[in-house]
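Structure assessment
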Amino acid sequence: MSLVLDSAAQDLLFREARTANSFSDEPVTEEQVQAIYDLVKYGPTAFNQTPLRITLVRSPEARERLVKHLAEGNQAKTAAAPLVAILAADNEFHEELPALLPHFPQAKDMFFAERPVREQSALLNAALQAAYFIVGIRAAGLAAGPMTGADLAGIQKAFLDADHTPLMIVNIGKPGEDAWFPRSPRLAFDEVVTTV
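What comes next is a walk through the structure. Model, not experiment: these values are computed from the prediction. (Residues numbered from 1 in each chain as written. Predicted model: local features only at pLDDT ≥ 70, side-chain atom pairs only at ≥ 80, totals over all residues. Heavy atoms only, no water.)

**Focus on unusual backbone geometry**
Only a minority of non-glycine residues have a phi that is not negative, and only a minority of peptide bonds are not trans. Positive phi, normally seen in glycine, also occurs at Phe-47, with a value near 55°. Topologically, Phe-47 is positioned in the loop between α2 (30–40) and β1 (52–57). A relative accessible area of 30% means that Phe-47 is categorised as partly exposed. (Helix = DSSP H or I, 4+ residues; strand = E, 2+ residues; numbered from the N terminus. Buried < 20%, exposed > 50% of the residue type's maximum accessible area, 1.4 Å probe, protein only.)

The following block contains the structure:
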């Protein structure tokens, strides 16, 4: 094997990991979420931007408001998950660039003065950060259930503002009974990689 990461860690993060569809009742603590974020914040992004915003939905009232915006097949598992996170892109991320990119603070105005450019960059880089977040959940020994089957515009109105674009909802917790669907196929190396 050509990888430095040991086999057990590879299984935990990728080969054995799946999208969870049910969860145990064990709570997900604030400390666990903090540890996940403190690990995944180091994932690379363009210009070191950090557009991902995470809204933790913990209260029963907020959960009820969220669930009604989800596709029918996602409602019950979200209502029962120990923790739910709304992942969104902050389209005003550029305001933090002078602090995050101290060697090139002019990047804020040089590259991101126009809103459409910011929105495109925020979506791409927040999606990268969302993927890191999912891998971080797995690294914490938890399971993630990311979903895009939702009325994202409704979620934006109910939980965010016009400067934040929702990307997905992620259920988080220890896997429950029958949490996994069978592993779906993946494309082979030769179907994906081209050498020129």
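**Focus on the nonpolar core**
One recurring pattern in soluble globular proteins is that nonpolar side chains are buried together. Membership of the largest hydrophobic core comes to 24 residues, with the highest contact counts inside it found for Leu-87, Phe-133, Ile-137, Val-170 and Ile-172. Sorting the residues of this core by element identifies α2, β2 (83–90), α7 (115–139) and β4 (164–173) as the ones contributing at least two each. The greatest single-element share of this core, amounting to 6 residues, is contributed by α7. Those residues in contact with Ile-172 that lie beyond four places of it in its chain are Phe-23, Val-28, Pro-82, Leu-83, Ala-85, Phe-133, Ile-137, Leu-142 and Ala-143. In this structure, Leu-66, Leu-70, Ile-86 and Ala-88 belong to the second largest nonpolar core, which totals 16 residues. (Core = buried A, V, L, I, M, F, W, Y, C linked by side-chain atoms within 4.5 Å. Contact = heavy atoms within 4.5 Å.)

**As for the packing of α2 against α7**
Axis angle and axis distance: for two packed helices, these are the angle between their axes and the distance between the axes, and together they describe the pair. Here α2 crosses α7 at 125°, and the two axes come no closer than 9 Å. Judged by the angle between their axes, α2 and α7 are oblique. When the axes of α2 and α7 are compared, the crossing they make is right-handed. Residue-level inspection shows Ile-36, Leu-39 and Val-40 of α2 in contact with α7, the latter providing Tyr-132, Phe-133, Gly-136, Ile-137 and Ala-139. Class assignment for the residues of the contact of α2 with α7 results in 7 nonpolar, 1 polar and no charged. (Axes fitted to C-alpha atoms, helices over the stretch in contact; angles between N-to-C directions. Parallel < 35°, antiparallel > 145°, perpendicular 65-115°, else oblique. Left-handed = near helix turned anticlockwise from the far one by under 90°. Nonpolar A, V, L, I, M, F, W, Y, C, P; charged D, E, K, R; others polar.)

**With respect to the pairing of β4**
Counting buried residues along β4, 9 of its 10 residues qualify, which places the element largely inside the surrounding structure. Pairing between β2 and β4: 8 bridges, direction antiparallel. Its bridge partner lying in β4, Ala-89 is registered against Thr-165. Judged from the 5 bridges that link them, strand β3 (residues 143–147) and β4 form a sheet pairing that is antiparallel. Bridge pairing in β4 links Ala-144 to Ile-172. (Pairing = 2+ DSSP bridges.)

**Observations concerning the sheet that holds β2**
Spatial strand order, β1-β2-β4-β3: 4 strands in an open sheet with antiparallel pairing. Each edge of the sheet is formed by a strand with only one pairing partner; in this case those strands are β1 and β3. On average, each strand axis in the sheet is tilted by 30° relative to the strand beside it, whichever way the strands run. Contacting β1, β2, β3 and β4, α7 crosses the sheet at an angle of about 5° to β4.

**Brief notes about the pairing of β2**
Burial within β2 is extensive, with 8 of its 8 residues counted as buried. On β2, burial covers both faces: Leu-83, Ala-85, Leu-87 and Ala-89 on one face and Val-84, Ile-86, Ala-88 and Asp-90 on the other are all buried. Across 6 bridges, the pairing between β1 and β2 is antiparallel. From the neighbouring strand, Ile-54 faces β2, where its bridge partner is Leu-87.

**Let's talk about a nonpolar patch on the surface**
A contiguous nonpolar surface patch, about 420 Å² in accessible area, is contributed by Leu-187, Phe-189, Val-192 and Val-193. Taking the relative accessible area as the measure of exposure, Leu-187 reaches 61% and is therefore exposed. (Patch = residues over 30% accessible without salt bridge, like charges linked within 9 Å, V, L, I, M, F, W, Y side chains within 5 Å. Areas by Shrake-Rupley, 256 points an atom, 1.4 Å probe, with all protein chains shown as cover. Salt bridge = Lys/Arg side-chain N within 4 Å of Asp/Glu carboxyl O.)

Remember that the coordinates give geometry; whether it matters functionally is a separate question.
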